[in-house]
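Read off the chains here:
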Amino acid sequence: MLRRGMPAFALALALALWAVVAGAHNHDRDMAERLQAMGEVRPLQDILAQVARDYPGQILKVDFEREGDDDDCLTCRDRWIYELKLLQDQGRMTKLKIDARTGETLWVGTRSLRREGRDP
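Heads up: these notes are all about the structure in this document.

**Some words on the side chain of Thr94**
With respect to the secondary-structure elements, Thr94 resides in strand β3 (residues 92-99). For Thr94, a relative accessible area of 0% corresponds to the buried category. Polar contacts involving the side chain of Thr94 include one to the side chain of Gln88, which spans 2.6 Å. Beyond its immediate stretch of four places on either side in the chain, Thr94 contacts Leu84, Lys85, Leu86, Gln88, Val108, Gly109 and Thr110.

**Re the nonpolar core**
Val51, Phe64, Tyr82 and Leu84 are the most contacted members of the largest nonpolar core, which totals 18 residues. Where this core is concerned, the elements lending two or more residues are α2 (26-37), α3 (44-54), β1 (58-67), β2 (79-88) and β3. Leaving out residues up to four positions away in the same chain, Leu84 has contacts with Ile47, Leu48, Val51, Ile59, Lys61, Val62, Thr94, Lys95, Leu96 and Ile98.

**Structural notes on the sheet that holds β1**
One open sheet holds the four strands; their spatial order is β1-β2-β3-β4, and the pairing between them is antiparallel. The sheet is open, and its two edges are formed by β1 and β4 (105-112), each paired on a single side. Averaged over all pairs of adjacent strands, the angle between their axes in this sheet comes to 15 degrees, without regard to strand direction. Sheet topology note: the β2/β3 ladder contains eight bridges and is antiparallel.

**Some points on α2**
End to end, α2 covers 16 Å across 12 residues, agreeing with the expected 16 Å (1.5 Å per residue, within 8%). Those residues of α2 lying buried are Met31, Ala32 and Leu35. One side of α2 carries all its buried residues, which in axial view fall inside an arc of 100 degrees. Turning to α2, the residues buried within the fold contact β1 and β2. Directly beyond the C-terminal end of α2, a positive phi value near 80 degrees is found at Gly39.

**A short note on the side chain of Asp99**
In this structure, Asp99 sits in strand β3. For Asp99, the residues in contact, after removing those within four places along its chain, are Arg79, Trp80, Ile81, Glu104 and Leu106.

The rules we used
- Residues numbered from 1 in each chain as written.
- Predicted model: local features only at pLDDT ≥ 70, side-chain atom pairs only at ≥ 80, totals over all residues.
- Heavy atoms only, no water.
- Helix = DSSP H or I, 4+ residues; strand = E, 2+ residues; numbered from the N terminus.
- Buried < 20%, exposed > 50% of the residue type's maximum accessible area, 1.4 Å probe, protein only.
- Polar contact = N/O pair within 3.5 Å; in protein donor to acceptor, adjacent residues only side chain to side chain.
- Contact = heavy atoms within 4.5 Å.
- Core = buried A, V, L, I, M, F, W, Y, C linked by side-chain atoms within 4.5 Å.
- Pairing = 2+ DSSP bridges.
- Axes fitted to C-alpha atoms, helices over the stretch in contact; angles between N-to-C directions.
- Expected span 1.5 Å × (residues − 1).
- Arc of directions from axis to C-beta.

Structure below.
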């Protein structure tokens, strides 16, 4: 029963954290809102719901940033990225980079926060 409420709780927590992070970075927030209104990026709420479904855990941080590709690549383009950090079961810290336009998960990095040879 408790596990059913976890995605909703994680989403609510993430939205609260986003408000705090966005408050500190009004320019990023304004840019994200403008791009969303123009249909250039997906709403953060959609991304958070996707992450809660695919990578259950507690969202610790959300960033919205522009990521440029290599200048030598003629077919590459800049893109907007939602970058999320979350704490998952078994003490795993997971960092995700998600294309803000498509919702595609571009990169996943995971590391254990527990030290080898120590009891939890």
